[in-house]
Number of protein chains: 2
Amino acid sequence: MARRVLVASRNAKKLGELRRILAEAGVEGLEIVGLDEVPPYEEAPETGATFEENALAKARDGAAATGLACVADDSGIAVDALNGMPGVLSARWSGRHGDDPANNDLLLGQLSDVPDERRGAQFVSACALVADGREVVEIGEWPGHIARKPAGDGGFGYDPLFVPDGGTVSAAELTPAEKDAASHRGRALRALLPALAALAE
Amino acid sequence: MARRVLVASRNAKKLGELRRILAEAGVEGLEIVGLDEVPPYEEAPETGATFEENALAKARDGAAATGLACVADDSGIAVDALNGMPGVLSARWSGRHGDDPANNDLLLGQLSDVPDERRGAQFVSACALVADGREVVEIGEWPGHIARKPAGDGGFGYDPLFVPDGGTVSAAELTPAEKDAASHRGRALRALLPALAALAE
(Lines give C-alpha, C1' and ligand atoms only; values in the text may rest on other atoms or scores of the structure.)
Protein backbone atom coordinates (compact mmCIF):
# COMPACT_ATOMS: atom_id res chain seq x y z
CA MET A 1 0.00 0.00 0.00
CA ALA A 2 1.28 3.46 -0.93
CA ARG A 3 2.39 5.77 1.83
CA ARG A 4 0.39 9.01 1.87
CA VAL A 5 2.34 12.26 1.75
CA LEU A 6 0.50 15.52 2.39
CA VAL A 7 1.44 18.54 0.30
CA ALA A 8 0.34 21.51 2.43
CA SER A 9 -1.37 23.29 -0.46
CA ARG A 10 -4.72 23.56 -2.22
CA ASN A 11 -2.99 24.40 -5.51
CA ALA A 12 -3.56 21.52 -7.95
CA LYS A 13 -0.57 22.71 -10.03
CA LYS A 14 1.77 22.23 -7.08
CA LEU A 15 0.44 18.73 -6.38
CA GLY A 16 0.79 17.82 -10.06
CA GLU A 17 4.33 19.20 -10.17
CA LEU A 18 5.46 16.98 -7.29
CA ARG A 19 3.71 13.92 -8.79
CA ARG A 20 5.52 14.49 -12.13
CA ILE A 21 8.89 14.97 -10.45
CA LEU A 22 8.46 11.77 -8.43
CA ALA A 23 7.39 9.84 -11.54
CA GLU A 24 10.33 11.14 -13.60
CA ALA A 25 12.70 10.11 -10.84
CA GLY A 26 11.12 6.65 -10.68
CA VAL A 27 10.05 7.08 -7.07
CA GLU A 28 7.05 4.79 -6.51
CA GLY A 29 4.98 3.95 -3.48
CA LEU A 30 3.95 7.50 -2.47
CA GLU A 31 0.41 8.85 -2.73
CA ILE A 32 0.45 12.65 -2.90
CA VAL A 33 -2.59 14.30 -1.30
CA GLY A 34 -3.48 17.97 -0.85
CA LEU A 35 -5.10 19.92 1.96
CA ASP A 36 -8.54 19.29 0.48
CA GLU A 37 -8.10 15.54 1.00
CA VAL A 38 -7.36 15.59 4.74
CA PRO A 39 -9.49 16.74 7.69
CA PRO A 40 -9.23 20.54 8.04
CA TYR A 41 -6.81 21.92 10.61
CA GLU A 42 -5.84 25.42 11.65
CA GLU A 43 -3.08 26.75 9.41
CA ALA A 44 -0.68 29.21 11.04
CA PRO A 45 -0.18 32.54 9.22
CA GLU A 46 3.03 32.93 7.19
CA THR A 47 4.83 35.52 9.26
CA GLY A 48 8.38 34.19 9.05
CA ALA A 49 11.26 36.38 7.94
CA THR A 50 12.60 33.76 5.51
CA PHE A 51 11.28 31.24 2.99
CA GLU A 52 12.87 28.42 5.02
CA GLU A 53 11.09 29.46 8.20
CA ASN A 54 7.69 29.61 6.49
CA ALA A 55 8.11 26.30 4.63
CA LEU A 56 9.22 24.48 7.75
CA ALA A 57 6.40 25.94 9.88
CA LYS A 58 3.82 24.81 7.30
CA ALA A 59 5.30 21.32 7.03
CA ARG A 60 5.45 20.94 10.83
CA ASP A 61 1.81 22.04 11.17
CA GLY A 62 0.67 19.61 8.49
CA ALA A 63 2.60 16.68 9.92
CA ALA A 64 1.44 17.38 13.47
CA ALA A 65 -2.22 17.81 12.48
CA THR A 66 -2.51 14.76 10.21
CA GLY A 67 0.19 12.35 11.30
CA LEU A 68 1.26 12.13 7.64
CA ALA A 69 4.62 12.97 6.14
CA CYS A 70 4.21 16.56 4.99
CA VAL A 71 5.85 18.61 2.20
CA ALA A 72 5.41 22.39 2.21
CA ASP A 73 6.97 25.18 0.20
CA ASP A 74 7.34 28.91 0.42
CA SER A 75 8.43 30.69 -2.69
CA GLY A 76 8.80 34.16 -4.09
CA ILE A 77 10.88 36.55 -6.08
CA ALA A 78 13.97 38.38 -4.80
CA VAL A 79 14.68 41.53 -6.82
CA ASP A 80 18.23 42.90 -6.56
CA ALA A 81 17.19 46.58 -6.83
CA LEU A 82 14.73 45.99 -3.94
CA ASN A 83 17.40 44.42 -1.70
CA GLY A 84 15.88 40.97 -2.24
CA MET A 85 12.26 42.00 -1.71
CA PRO A 86 9.35 41.24 -2.39
CA GLY A 87 10.82 37.99 -0.93
CA VAL A 88 8.52 36.41 1.65
CA LEU A 89 5.96 39.15 0.88
CA SER A 90 5.77 38.27 -2.84
CA ALA A 91 2.13 37.12 -2.77
CA ARG A 92 0.96 40.23 -0.90
CA TRP A 93 3.37 42.84 -2.25
CA SER A 94 0.55 45.20 -3.27
CA GLY A 95 -1.04 44.76 0.17
CA ARG A 96 -3.71 42.42 -1.20
CA HIS A 97 -2.93 38.71 -0.90
CA GLY A 98 -2.74 36.84 -4.18
CA ASP A 99 -3.62 39.76 -6.47
CA ASP A 100 -1.18 38.89 -9.27
CA PRO A 101 -2.04 41.80 -11.61
CA ALA A 102 -1.71 44.35 -8.78
CA ASN A 103 1.57 42.80 -7.61
CA ASN A 104 3.00 42.82 -11.14
CA ASP A 105 1.89 46.42 -11.78
CA LEU A 106 3.43 47.57 -8.52
CA LEU A 107 6.76 45.86 -9.19
CA LEU A 108 6.94 47.41 -12.68
CA GLY A 109 6.15 50.85 -11.26
CA GLN A 110 8.76 50.56 -8.53
CA LEU A 111 11.40 49.57 -11.09
CA SER A 112 10.37 52.07 -13.77
CA ASP A 113 13.51 54.20 -13.27
CA VAL A 114 15.83 51.27 -12.54
CA PRO A 115 18.24 50.81 -15.46
CA ASP A 116 18.65 47.49 -17.29
CA GLU A 117 21.94 46.60 -15.60
CA ARG A 118 20.26 46.66 -12.17
CA ARG A 119 17.11 44.62 -12.94
CA GLY A 120 18.48 41.24 -11.81
CA ALA A 121 16.16 38.95 -9.83
CA GLN A 122 15.90 35.36 -8.61
CA PHE A 123 12.88 33.20 -8.04
CA VAL A 124 13.54 31.36 -4.77
CA SER A 125 11.76 28.36 -3.28
CA ALA A 126 12.21 26.61 0.04
CA CYS A 127 10.70 23.11 0.18
CA ALA A 128 10.46 21.38 3.54
CA LEU A 129 9.71 17.76 4.39
CA VAL A 130 8.70 16.76 7.89
CA ALA A 131 8.27 13.02 8.46
CA ASP A 132 8.94 10.56 11.26
CA GLY A 133 10.42 13.32 13.42
CA ARG A 134 12.94 14.27 10.71
CA GLU A 135 13.05 17.71 9.07
CA VAL A 136 14.70 18.60 5.76
CA VAL A 137 14.60 21.96 3.95
CA GLU A 138 16.02 22.49 0.46
CA ILE A 139 16.39 25.79 -1.41
CA GLY A 140 16.06 26.21 -5.18
CA GLU A 141 16.97 29.37 -7.07
CA TRP A 142 16.18 30.45 -10.62
CA PRO A 143 18.19 33.50 -11.75
CA GLY A 144 17.02 36.05 -14.32
CA HIS A 145 15.85 39.65 -14.58
CA ILE A 146 12.68 41.76 -14.51
CA ALA A 147 11.45 42.82 -17.95
CA ARG A 148 9.96 46.25 -18.75
CA LYS A 149 6.52 44.79 -19.53
CA PRO A 150 4.65 41.51 -19.01
CA ALA A 151 4.67 38.74 -21.63
CA GLY A 152 2.96 35.35 -21.85
CA ASP A 153 -0.18 33.72 -20.48
CA GLY A 154 1.25 30.69 -18.69
CA GLY A 155 2.35 30.25 -15.10
CA PHE A 156 1.23 32.54 -12.32
CA GLY A 157 2.58 35.17 -9.92
CA TYR A 158 5.46 37.18 -11.38
CA ASP A 159 6.08 34.74 -14.27
CA PRO A 160 5.07 37.27 -17.00
CA LEU A 161 7.75 39.74 -15.80
CA PHE A 162 10.57 37.26 -15.12
CA VAL A 163 13.02 36.44 -17.91
CA PRO A 164 15.26 33.53 -16.86
CA ASP A 165 18.97 33.80 -17.58
CA GLY A 166 20.06 32.23 -20.85
CA GLY A 167 16.85 33.03 -22.72
CA THR A 168 14.78 35.94 -23.98
CA VAL A 169 11.23 34.83 -23.10
CA SER A 170 9.39 35.18 -19.82
CA ALA A 171 8.62 32.31 -17.46
CA ALA A 172 4.98 32.71 -18.52
CA GLU A 173 5.98 31.85 -22.10
CA LEU A 174 7.58 28.50 -21.17
CA THR A 175 5.72 25.18 -21.42
CA PRO A 176 4.94 23.51 -18.06
CA ALA A 177 7.65 20.91 -18.81
CA GLU A 178 10.24 23.61 -19.58
CA LYS A 179 9.31 25.44 -16.40
CA ASP A 180 9.45 22.26 -14.26
CA ALA A 181 12.93 21.53 -15.55
CA ALA A 182 14.32 24.97 -14.73
CA SER A 183 12.22 26.49 -11.98
CA HIS A 184 13.16 27.26 -8.40
CA ARG A 185 10.46 24.96 -7.00
CA GLY A 186 11.42 22.16 -9.39
CA ARG A 187 15.03 22.48 -8.21
CA ALA A 188 14.08 22.48 -4.54
CA LEU A 189 11.72 19.50 -4.94
CA ARG A 190 14.34 17.50 -6.84
CA ALA A 191 16.77 18.24 -4.02
CA LEU A 192 14.19 16.66 -1.68
CA LEU A 193 14.01 13.47 -3.78
CA PRO A 194 16.44 11.41 -1.68
CA ALA A 195 14.45 12.15 1.46
CA LEU A 196 11.17 11.37 -0.34
CA ALA A 197 12.55 8.16 -1.82
CA ALA A 198 13.57 7.07 1.67
CA LEU A 199 9.91 7.45 2.76
CA ALA A 200 8.78 5.15 -0.03
CA GLU A 201 10.97 2.28 1.10
CA MET B 1 27.49 90.68 0.22
CA ALA B 2 26.13 87.27 1.16
CA ARG B 3 27.29 84.26 -0.84
CA ARG B 4 24.40 82.49 -2.58
CA VAL B 5 23.96 78.79 -1.91
CA LEU B 6 21.53 76.82 -4.06
CA VAL B 7 19.41 74.17 -2.38
CA ALA B 8 18.44 71.84 -5.23
CA SER B 9 14.79 71.69 -4.22
CA ARG B 10 11.46 73.45 -4.79
CA ASN B 11 10.26 72.46 -1.33
CA ALA B 12 9.93 75.62 0.80
CA LYS B 13 10.06 73.49 3.97
CA LYS B 14 13.52 72.20 3.06
CA LEU B 15 14.81 75.71 2.35
CA GLY B 16 13.38 76.95 5.63
CA GLU B 17 14.89 74.03 7.52
CA LEU B 18 18.40 74.83 6.26
CA ARG B 19 17.94 78.55 7.00
CA ARG B 20 16.89 77.75 10.59
CA ILE B 21 19.79 75.36 11.13
CA LEU B 22 22.29 77.94 9.82
CA ALA B 23 20.77 80.66 12.02
CA GLU B 24 20.81 78.44 15.12
CA ALA B 25 24.46 77.65 14.50
CA GLY B 26 25.26 81.35 14.05
CA VAL B 27 26.44 80.88 10.47
CA GLU B 28 25.96 84.20 8.68
CA GLY B 29 26.81 85.41 5.21
CA LEU B 30 24.95 82.75 3.21
CA GLU B 31 21.85 83.43 1.14
CA ILE B 32 19.86 80.22 0.63
CA VAL B 33 18.00 80.08 -2.68
CA GLY B 34 15.86 77.32 -4.19
CA LEU B 35 15.44 75.99 -7.72
CA ASP B 36 12.68 78.52 -8.41
CA GLU B 37 15.16 81.36 -7.90
CA VAL B 38 17.76 80.28 -10.48
CA PRO B 39 17.51 79.86 -14.25
CA PRO B 40 15.98 76.46 -15.05
CA TYR B 41 18.30 73.61 -15.96
CA GLU B 42 17.76 69.99 -16.83
CA GLU B 43 17.61 67.89 -13.68
CA ALA B 44 18.86 64.31 -14.04
CA PRO B 45 16.47 61.57 -12.88
CA GLU B 46 17.22 59.99 -9.49
CA THR B 47 18.26 56.53 -10.56
CA GLY B 48 21.08 55.91 -8.09
CA ALA B 49 21.18 52.80 -5.95
CA THR B 50 21.97 54.78 -2.77
CA PHE B 51 20.94 58.01 -1.08
CA GLU B 52 24.56 59.25 -1.29
CA GLU B 53 24.72 58.69 -5.03
CA ASN B 54 21.48 60.57 -5.66
CA ALA B 55 22.32 63.49 -3.36
CA LEU B 56 25.75 63.92 -4.89
CA ALA B 57 24.44 63.74 -8.46
CA LYS B 58 21.83 66.43 -7.69
CA ALA B 59 24.39 68.70 -6.02
CA ARG B 60 26.86 68.27 -8.90
CA ASP B 61 24.16 69.10 -11.45
CA GLY B 62 23.09 72.21 -9.56
CA ALA B 63 26.63 73.49 -9.06
CA ALA B 64 27.58 72.82 -12.69
CA ALA B 65 24.44 74.48 -14.08
CA THR B 66 24.48 77.60 -11.91
CA GLY B 67 28.06 78.10 -10.79
CA LEU B 68 26.74 78.38 -7.22
CA ALA B 69 27.62 76.27 -4.24
CA CYS B 70 24.89 73.63 -4.16
CA VAL B 71 23.32 71.57 -1.37
CA ALA B 72 21.14 68.58 -2.29
CA ASP B 73 19.59 65.78 -0.28
CA ASP B 74 18.09 62.42 -0.90
CA SER B 75 16.10 60.93 1.91
CA GLY B 76 13.79 58.05 2.61
CA ILE B 77 12.77 55.35 4.99
CA ALA B 78 14.57 52.03 5.43
CA VAL B 79 12.27 49.35 6.88
CA ASP B 80 14.00 46.36 8.47
CA ALA B 81 11.33 43.83 7.45
CA LEU B 82 11.72 45.05 3.84
CA ASN B 83 15.51 44.63 3.86
CA GLY B 84 15.97 48.41 4.03
CA MET B 85 13.43 49.28 1.34
CA PRO B 86 11.54 51.52 0.33
CA GLY B 87 14.96 53.26 0.60
CA VAL B 88 15.78 55.29 -2.53
CA LEU B 89 12.32 54.40 -3.87
CA SER B 90 10.48 55.90 -0.86
CA ALA B 91 8.76 58.70 -2.81
CA ARG B 92 7.52 56.32 -5.53
CA TRP B 93 6.97 53.13 -3.53
CA SER B 94 3.39 52.75 -4.76
CA GLY B 95 4.57 53.31 -8.33
CA ARG B 96 3.24 56.89 -8.36
CA HIS B 97 5.79 59.56 -7.49
CA GLY B 98 4.96 61.65 -4.44
CA ASP B 99 1.61 60.01 -3.64
CA ASP B 100 1.99 60.01 0.15
CA PRO B 101 -1.37 58.40 1.01
CA ALA B 102 -0.82 55.57 -1.51
CA ASN B 103 2.74 55.03 -0.28
CA ASN B 104 1.63 54.91 3.35
CA ASP B 105 -1.27 52.54 2.59
CA LEU B 106 1.02 50.22 0.68
CA LEU B 107 3.63 50.11 3.44
CA LEU B 108 0.96 49.32 6.05
CA GLY B 109 -0.47 46.58 3.83
CA GLN B 110 2.93 45.01 3.23
CA LEU B 111 3.64 44.97 6.96
CA SER B 112 0.18 43.86 8.08
CA ASP B 113 1.40 40.38 9.12
CA VAL B 114 4.80 41.55 10.39
CA PRO B 115 4.89 41.25 14.19
CA ASP B 116 5.78 44.15 16.48
CA GLU B 117 9.30 42.96 17.17
CA ARG B 118 10.19 43.14 13.46
CA ARG B 119 8.75 46.59 12.64
CA GLY B 120 11.97 48.56 13.13
CA ALA B 121 12.79 51.32 10.61
CA GLN B 122 15.14 54.26 10.10
CA PHE B 123 14.61 57.52 8.30
CA VAL B 124 17.84 58.16 6.39
CA SER B 125 19.06 61.33 4.71
CA ALA B 126 22.15 61.98 2.63
CA CYS B 127 23.02 65.68 2.25
CA ALA B 128 25.67 66.67 -0.26
CA LEU B 129 27.50 69.97 -0.74
CA VAL B 130 29.36 70.70 -3.95
CA ALA B 131 31.28 73.99 -4.00
CA ASP B 132 34.56 75.23 -5.41
CA GLY B 133 35.36 71.76 -6.76
CA ARG B 134 34.96 70.18 -3.32
CA GLU B 135 32.39 67.50 -2.53
CA VAL B 136 31.07 66.50 0.89
CA VAL B 137 28.28 64.03 1.70
CA GLU B 138 26.92 63.48 5.20
CA ILE B 139 24.42 60.83 6.34
CA GLY B 140 21.83 61.33 9.07
CA GLU B 141 19.73 58.52 10.57
CA TRP B 142 16.62 58.64 12.74
CA PRO B 143 15.73 55.26 14.28
CA GLY B 144 12.21 54.14 15.17
CA HIS B 145 9.49 51.74 14.08
CA ILE B 146 6.44 51.52 11.82
CA ALA B 147 3.12 51.88 13.67
CA ARG B 148 -0.03 49.86 12.84
CA LYS B 149 -1.95 52.96 11.73
CA PRO B 150 -1.19 56.59 10.80
CA ALA B 151 -1.30 59.40 13.40
CA GLY B 152 -0.82 63.15 13.19
CA ASP B 153 -1.24 65.87 10.55
CA GLY B 154 2.25 67.41 10.51
CA GLY B 155 5.24 66.57 8.37
CA PHE B 156 4.99 64.71 5.09
CA GLY B 157 5.89 61.38 3.49
CA TYR B 158 5.91 58.49 5.95
CA ASP B 159 5.86 60.74 9.05
CA PRO B 160 2.37 59.59 10.18
CA LEU B 161 3.54 55.94 10.35
CA PHE B 162 6.98 56.51 11.88
CA VAL B 163 7.36 56.47 15.66
CA PRO B 164 10.87 57.62 16.63
CA ASP B 165 12.71 55.64 19.31
CA GLY B 166 12.30 57.00 22.81
CA GLY B 167 8.76 58.27 22.31
CA THR B 168 5.23 57.08 21.60
CA VAL B 169 4.03 59.65 19.06
CA SER B 170 4.56 59.70 15.31
CA ALA B 171 6.87 62.09 13.49
CA ALA B 172 3.71 63.79 12.16
CA GLU B 173 2.73 64.63 15.75
CA LEU B 174 5.97 66.51 16.51
CA THR B 175 6.31 70.28 16.22
CA PRO B 176 8.58 71.48 13.40
CA ALA B 177 11.20 72.45 16.01
CA GLU B 178 11.07 69.00 17.64
CA LYS B 179 11.39 67.37 14.25
CA ASP B 180 14.32 69.60 13.19
CA ALA B 181 16.17 68.70 16.36
CA ALA B 182 15.79 64.94 15.91
CA SER B 183 15.28 64.23 12.23
CA HIS B 184 17.57 62.46 9.80
CA ARG B 185 17.79 65.51 7.52
CA GLY B 186 18.45 67.82 10.46
CA ARG B 187 21.28 65.54 11.56
CA ALA B 188 22.79 65.35 8.08
CA LEU B 189 22.53 69.14 7.56
CA ARG B 190 24.13 69.84 10.94
CA ALA B 191 26.95 67.50 9.97
CA LEU B 192 27.44 69.71 6.90
CA LEU B 193 27.68 72.89 9.01
CA PRO B 194 31.50 73.05 9.11
CA ALA B 195 31.67 72.86 5.30
CA LEU B 196 28.89 75.49 4.99
CA ALA B 197 30.53 77.77 7.52
CA ALA B 198 33.75 77.59 5.50
CA LEU B 199 31.83 78.88 2.47
CA ALA B 200 30.66 81.90 4.44
CA GLU B 201 34.15 83.02 5.30
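Being a predicted model, the structure only gives us computed values, none of them experimental. (Residues numbered from 1 in each chain as written. Chains lettered and ligands numbered in written order. Predicted model: local features only at pLDDT ≥ 70, side-chain atom pairs only at ≥ 80, totals over all residues. Heavy atoms only, no water.)

**Student:** Teacher, can you tell me more about helix H3 (residues 100–110) of chain A here?
**Tutor:** Within an α-helix, residues lying three or four positions from one another point in the same direction, as the helix has 3.6 residues per turn. With eight of 11 residues buried, H3 of chain A is to be regarded as a mostly interior element. The elements touched by buried residues of H3 of chain A are strand E3 (69–79) and strand E5 (134–146) of chain A together with helix H3 (100–110) of chain B. The N-cap of H3 of chain A, judged by a side-chain oxygen 3.2 Å from the amide nitrogen of Ala-102 of chain A a few residues on, is Asp-99 of chain A. (Buried < 20%, exposed > 50% of the residue type's maximum accessible area, 1.4 Å probe, protein only. Helix = DSSP H or I, 4+ residues; strand = E, 2+ residues; numbered from the N terminus. Contact = heavy atoms within 4.5 Å. Polar contact = N/O pair within 3.5 Å; in protein donor to acceptor, adjacent residues only side chain to side chain.)

**Student:** Would you explain the interface of chain B and chain A in this entry?
**Tutor:** Interfaces are frequently sized by the accessible area removed from exposure as the parts join. Taken together, the contact between chain B and chain A spans 19 residues of the former and 19 residues of the latter. Between chain B and chain A the total buried area reaches about 1,600 Å² when both faces are included, carbon and sulfur atoms providing 56% of it. In this assembly, chain B and chain A are joined by two salt bridges. Note that Arg-92 of chain B and Asp-113 of chain A form a salt bridge whose closest N and O atoms lie 2.8 Å from each other. (Buried area = accessible area lost by both parts, 1.4 Å probe. Salt bridge = Lys/Arg side-chain N within 4 Å of Asp/Glu carboxyl O.)

**Student:** When you look at the environment of Val-79 of chain A in this model, what are you seeing that I'm missing?
**Tutor:** Residues and elements named next belong to chain A. The topology assignment puts Val-79 in strand E3. For the pair Val-79 and Ser-183, spaced 104 residues apart in sequence, the C-alpha separation works out to 16 Å. If near-sequence neighbours (up to four positions away) are discounted, Val-79 is found in contact with Gly-84, Met-85, Pro-86, Leu-107, Leu-111, Gly-120, Ala-121 and Ile-146.

**Student:** Got a minute to help me understand empty space enclosed by the protein in this structure?
**Tutor:** By the definition in use, this model includes two cavities of 30 Å³ or more. By volume, the largest cavity is sized at about 90 Å³. Elements supplying a minimum of two residues to the lining of the largest cavity: helix H1 (12–24), E3 and helix H5 (184–200) of chain A. Here the lining of the largest cavity is built from residues that sort into six nonpolar, one polar and four charged. Along the walls of the second largest cavity sit Val-7, Lys-14, Glu-17, Leu-18, Val-71, Ala-72, Asp-73, Cys-127, Arg-185 and Leu-189 of chain B, which together make up its complete lining. Residue assignment for the lining of the second largest cavity shows that the elements contributing at least two residues are helix H1 (12–24), strand E3 (69–79) and helix H5 (184–200) of chain B. The residue inventory of the lining of the second largest cavity, partitioned by class, reads six nonpolar, no polar and four charged. (1 Å grid on protein atoms, 1.4 Å probe; cavity = no way out; pocket = protein on both sides within 12 Å on 5 of 7 lines; lining within 4 Å. Points joined across faces, edges and corners; volume = space filled by probe spheres on them. Nonpolar A, V, L, I, M, F, W, Y, C, P; charged D, E, K, R; others polar.)

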